[in-house]
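Coordinates in review
Single-letter residue listing:
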Amino acid sequence: MISEELFDMIGYDYMDMIVEILDSRSSIAEELGAALKEQSQPVTERHDGSGDGVGLTHADAKRRMEENFRQNAARPLFTRPAEATPEALPHVYTSSAAQGSVLSQFGQKFALPVGTTRHVEDYYEEVVIPPAKSIPPRATERLVPISELDDLAKQSFPGYATLNRMQSIIYPTAYGSNENMLGKTDIAMLTILRVLEQHRSHVRGESLRASIRRDDFKIIYVAPMKALAAEIVRKFAKRLQWLDIRVRELTGDMQLTKAEIAATQIIVTTPEKWDVVTRKPTGEGEIASKLKLLIIDEVHLLNDERGAVIETIVARTLRQVESSQSVIRIVGLSATLPNYIDVADFLSVSRQTGLFYFDSSFRPVPLEQHFIGVKGKPGSPHSKMNLDRVTFEKVSELVREGHQVMVFVHARKETVKAALAIRETAAHDSVLHEFSCEDHPSYGHFRRDISTSRNKEMKRLFDDGFGIHHAGMLRSDRNMMEKLFNAKAIKVLCCTATLAWGVNLPAHAVLIKGTQVYDSSKGSFVDLSVLDVLQVFGRAGRPGFETSGEGYICTSEDKLQHYLDAVTSQTPIESQFVKGMVDAMNAEIALGTVATVKDAITWLGYTYLYVRMRKSPTIYGVSYDELQNDHILGAKRRQLVLAAARNLVGARMINFDEDNGSFTITDLGRIAARYYIHHKSIEIFNNEFRGRMTEADVLAMVSLSTEFDQIQVRDNETKELMQLLDNAPCAVKEADDSVVFTRQGKINVLLQGYISWAFVEDFALVSDMQYVAQNAGRIVRALLDIAVSRKWANTSAVLMGMNKAIEKRLWPFEQPLKQFELKQDVFYGLDRWADDYSPSQLAAMSAAELGELVHLNPIHGEAILNAAKQFPAVRITYSLRPLGPDVLRIEAHVRRAFTWSSKHGSTEPCWLWVEDHEGENILQLSHLLLRQSTDVLDVAFVISIPEGRPPPFVTIRFVSERWMGAEDEIQVSFEHLIMPISSNSHTPRIDLPFLSLSVLQNPILKELFATKMRFFNALQSQAFWSTVNTSGNALVCAPAASGKSTLGYILACEVLARTTSPGYVLVVAPRQSITAEWGSELRAVLAVMGFSISLATHSDILAPATRTEIRLTTPARLMTTLSKEKDLPLSFPGMRLVILENLEQLDPFYELVVSSLRRVIQTQPTRIVGLSSSLNDSADLASWLEVAPSGFHSFRPSDRDQSLNVVAHTFTIPHSGALFKAMTKPASAAILSVHNGPAIVFVPSRAQCFPVAMDLITWCTLETGSENGYLSPDVPVESLGPYLHKLQDPRLSDLLSKGVGLFHPGLHPQDRATVLELYAQGAIRVLLAVRDACWMLPVRAAVVVVMGTQYFTVHGDGASHQLHDYSLEELVRMQGRAVRHGEAGHFHMFCQAEDKDTYMRFLEGGLPLESRLLGSDQLRLWYKHHREKGLIRNKEEGVRALSLTFLSRRIVSNPTYYDAKGNRSESLSRVVDDLEESITADRPDDQPAASRSMAHEQR
């Protein structure tokens, strides 16, 4: 053959060139002929007259030959590099040298096996492919005895003496290594056992079952379809039951809870489901983090439309392996592949060790294949008649030979029709007796069994030796058919493909009758997939009972060649990735694995598309010249990436900066990736989606989705569709007679019919309805997320209703109690007599009243009452808390008001949001989880009040996520809302020259502080004189880390230096960590000056001074001392100054302490200086501390000297592991944005520390290529040895060696010190700290990243936990860690999208400060203590005592915040009344304020 000669001359690597030569051989032949003709013209004499012509005589020929010999002798031995010999593949087993290598004469496919015959009859054409010849064993082969296996493998093959031949060949690689593999199904079990063996504890005396560490690994088996997934689950579960290995199915129909996932070791899923799972960083997506083995069955589906999904999941896994440096073994299982080397390269399989190719000669039972092309126009009566005829002919011939036959058809009704057609033809031809099984020894017994069935067709057909089997039959009937066929009591079994996939029931012969199958995803009849054909053919032959099997496929004449090529693996498998690339790339961008064009180009390099583009470039639009000039196809990949990116930009799914090539996902893109929505559908939604829509609008928009493009309208459906339209509750756009002839109209009507439980008769229409409903649910959930992200109140509520309507098959206007399992007559009574009653109204009635209401008895009433009480309901109350002139906090309190039952599961998810008075925009929203232990959930919403002019009202809306009709709303009136008036108290920053240290009066102090600073910054310079050199009270409010505490240090030292007699400065700080900072900063300074500093105990805080010192205390300690106020002296000798640190953290204890302190020092004038972070309004604080205008400095956050870049990154993912996965890459980018600069990353809790640290290291490795992570470049890993050896927590060692340290209270103090030392030295660059450690962290960084601004608190036994926001004070503290003197700082805050504006407003404008006294236990206990001690004798004294509090100032300035009415005296009097009322109960469990303060001390 020409192709063989060309292969010999050119080589297999140039297959596409050979194809081009063969395609153009006529033109090439003409050119060669012309050239030869030209050469054949006689040339007798040269033009130079030499006469040395090119003659054709014998002498001329002899002379030329001699000349050629001389020239050849003079040539060097080697003229060019030798051609590489074809690679020898050690594990390729084929019975024919032609298999998988020789092209046909047209160069488009591989040759058919030797011995193939073709027969042409009057009504069909048949191609018969003989069974492959068995390959004799190689000299190195031997069957592996089971006795040689280890205990785990040995006991997994009970009853076997040896492995079979194929298992023996693959055993060393499959069980003895972690090599990726490509081969037959036999590989799967051995590779699973390999994982189990690697995760054993190997403790002496421990059983095999107990030794397996089941929580350390996951195995994923990707099956091509759900039916096969179920069979594989049963197979593996039975096989591994002895090891207590759990196998579960995870498909679209079979969902798993988090607990089920955790308890499962082997998960069987489909390609699409695994793609969805791995798009989620957590939840189901957390499976991927423990993945050790990924088995992909039927990998030859790469050639199918679904092949793009397989490419996606393999590329994602390969990149995960590379990025995380984890070991994930990939095993591909497939039927015989034509271009198996390409598939092996794609799966990263070593050709020498992991590639195993076995052709059909290794089949347990040799298979003879018959391909029959029935003549006649496809679908015509003539063609159907010929199909019936050839089916009978082949079946009767096989039965005559004594064989059983399975006839596969493609619809349930067709099983009976096919059996009847064969029986009627047999009766007509008088051969029906040949099918009878009456002579079977157990025939009578089986006859009695089958008579118990109610399936008339099954009983009637059995008498003549026929059976039927399909998924619509009862399980007992199907089992009986399988039993009878196995016992040979049936000769012909007509069945559907579910038998081939779901049940292992072999026969000598199988026959596929017809190849047209209805596909609901296409909305039309399509060709039977090659996968189904191979699965059916796999049932032919009974291993152990027969020496051969036969497989027949009867198709139309025009499809004969298609199935011949596909089933015999003649056509190379090509990539289908380009079709799905846009959506696949969006998923990777959403996941964070692709962030730039460069990333995307790299990602494409992991696909099968890349492998095939290099092998067969012309098929994918790449010329040979391009491949030669760019052998890695960088330009082509870039072209594909840019085209996909522009498509995504057009759909608004990503933002693409073409200058730097970066991608950022948008909410649309993230939602599309999560819900598997096609980008073309998103484009449609962009045009159709509006902020106010009805249910009819939503249905019309959903019907336009490209997910339904395959749905077609058929003429025979018109009548049923019109009936559905007549009963549709929602109007269909352009609802006239023509609407049912449009695709959108059909989809709309089918979806409404599905919700309404409408009966549909036509089989294809039933299939279409199920397909529409299944996909519409997913699309509506995506639309809901889009509406919520856009803050559309009306549309979000409508979509929530539609989502539940599809899920529950219940319309929003129907009786909500239909979601309970009540009797039909109860539902009738509710619809007829109680349609206007809500569940809450029904729950308020008695059982007798309900029974009477629905015209039934009290027993029915009791059932209704129980259901109504279990129906989710809440009671909502609220409080209004203005935080500034134009900011309002609405505190909502959601109380559960229903009886918890098993129907609610562990949680009830719901939404709570605040919408504007027009009901169009969501101002703030929160996703809540109600639990059985939940009593009340408190939710705070912060909304803007532009220019201090509130709207008439807003609405708080509650919507259950799962229960139709479980909704509530409450109108929040602003009629009596009083917003505080801005005091404009901020101090303008004056452009002054920086003060030098020469202004310090004490020379020793000047010298000591010169080691820390050269001059004062602008804010210090402006506040210095009034703070340090005057005697009046002062208040300095300045940005975090702007040096206000330094002013406090200097002030305290200057006061001590001026003291001529023993005295002290009292420093009150809200946290012990702050007092510790004062001690570390001043201890050495004061020692040189001859003074001391100490943390004062309760007894000596206000004791007379015996030396000159600074006394440090906390509000809790000072409260203990002040609680003995009656015993205190009238004056406090030696108290020179009181410094109040961090007044922005003014809590009830701190406020009461300051108020009491002011009261007891009234007889002894003592200067008070307050220090605080920037406040948005500090006038009342200054007034409370009696600060004169000259001592009052209130700077804005923007007034700081130091350069600080503040960036807020928003996320729409709820607080979960998925959120932190999504944050990791931008966090890594922020860290790496400052070259070799130190970084601090704050996470909510210790649980996130290690996962986030590992993810950061992974991203650093990917971005920089460095194996040392964030370790400083000039620090060798070996130098860390002495530090690592003394660690108490060994897990820290791995992190520190990669340049990452942890800091949280749970660490051993020695480990904390080691981490801080390495960080201070610059050895490690990244410090991960938990939220509450921000107050004790003594170091700063060039970059501070706050990964999330929410955290969970757990209550009680851990069953109840609630989500909280970070306090503004915590964020300011974290922000201060990014401020460095003389160097730029970067603060990155990652927060929820709805929280960004609130946080940024206060970070930029100053913190709000309100009194927290009102309603607090601390105030009640303080008041009770003072009443009992006689410090407050009556209400008037109580009012006077409260008048010294900060509350007394704010209750006038911001009355709505405190629900106050009237003037200050009236408001305080009401507060005292409430306190008096509360203490009259005199609860015995109340501790005195002094005792309670000790618990507060440990904050």
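Here, every reference points to the structure presented above.
A short tour of the structure in this document, coming up.

Thresholds applied
Residues numbered from 1 in each chain as written. Predicted model: local features only at pLDDT ≥ 70, side-chain atom pairs only at ≥ 80, totals over all residues. Heavy atoms only, no water. Pairing = 2+ DSSP bridges. Helix = DSSP H or I, 4+ residues; strand = E, 2+ residues; numbered from the N terminus. Axes fitted to C-alpha atoms, helices over the stretch in contact; angles between N-to-C directions. Expected span 1.5 Å × (residues − 1). Buried < 20%, exposed > 50% of the residue type's maximum accessible area, 1.4 Å probe, protein only. Polar contact = N/O pair within 3.5 Å; in protein donor to acceptor, adjacent residues only side chain to side chain. Contact = heavy atoms within 4.5 Å. Parallel < 35°, antiparallel > 145°, perpendicular 65-115°, else oblique. Left-handed = near helix turned anticlockwise from the far one by under 90°. Nonpolar A, V, L, I, M, F, W, Y, C, P; charged D, E, K, R; others polar.

1. Comments concerning the sheet that holds strand β22 (residues 887–896)
Taken in spatial order, the three strands line up as β21-β22-β25 in an open sheet, and their pairing is antiparallel. The sheet is open, and its two edges are formed by β21 (874–884) and β25 (936–944), each paired on a single side. For this sheet the average axis-to-axis angle between neighbouring strands, irrespective of direction, equals 20 degrees.

2. Description of helix α40 (residues 1044–1058)
Over its 15 residues, α40 extends 21 Å from the first C-alpha to the last, a length consistent with the 21 Å expected when each residue adds 1.5 Å. Most of α40 sits inside the fold, with 12 of its 15 residues counted as buried. Among all positions in α40, only K1044, T1046, L1047, G1048, Y1049, I1050, L1051, A1052, C1053, E1054, V1055 and L1056 are buried.

3. Description of the side chain of S1174
Along the chain, the position of S1174 falls in the loop between β33 (1167–1173) and α44 (1179–1184). A distance of 2.8 Å separates a polar side-chain atom of S1174 from the backbone oxygen of F1195. Those residues in contact with S1174, other than ones at most four positions away along the chain, are C1037, A1038, P1039, F1195, R1196, P1197, G1406 and L1407.

4. Concerning helix α49 (residues 1309–1321)
Its 13 residues place the ends of α49 18 Å apart at the C-alpha level, agreeing with the 18 Å of an ideal helix rising 1.5 Å per residue. For α49, the complete set of buried residues consists of D1311, R1312, T1314, V1315, L1316, L1318 and Y1319. Each element contacted by the buried residues of α49 is listed here: β36 (1239–1243), α47 (1281–1285), α48 (1291–1296), β37 (1300–1303) and β38 (1326–1330). Remark: G1322 follows α49 within two positions and exhibits a positive phi of approximately 85 degrees.

5. Observations concerning the sheet that holds strand β2 (residues 117–120)
Read from one edge to the other, the open sheet built from eight strands follows the order β2-β3-β11-β18-β15-β12-β14-β13, with strand pairing classed as mixed. Looking at which strands have only one partner, the edges of the open sheet turn out to be β2 and β13 (466–469). Ignoring which end each strand starts from, the neighbouring axes of this sheet average 15 degrees apart. The pairing of strand β3 (residues 124–129) with strand β11 (residues 367–374) spans six bridges and is antiparallel. By the bridge assignment for β11, E125 is matched with G373. The sheet contacts of helix α14 (residues 381–400) involve β3, β11, β12 (405–408), β14 (492–495), β15 (509–513) and β18 (549–556), and relative to β15 the element is tilted by about 175 degrees. Its contacts with the sheet put helix α21 (residues 560–567) on β2, β3, β11 and β18, and the angle it makes with β11 is roughly 160 degrees.

6. Points about the packing of helix α24 (residues 608–615) against helix α26 (residues 634–650)
A pair of packed helices is characterised by two quantities: the angle between their axes and the separation of those axes. It is at 11 Å that the axes of α24 and α26 come closest, and there the two elements cross at 135 degrees. Overall, the two elements α24 and α26 adopt an arrangement that is oblique. Between α24 and α26 the crossing geometry is right-handed. Across from L609, Y610 and M613 in α24, the residues of α26 making contact are K636, R637 and L640. Here the residues of the contact of α24 with α26 are counted per class, giving four nonpolar, no polar and two charged.

Worth remembering: the numbers are spatial, not functional.
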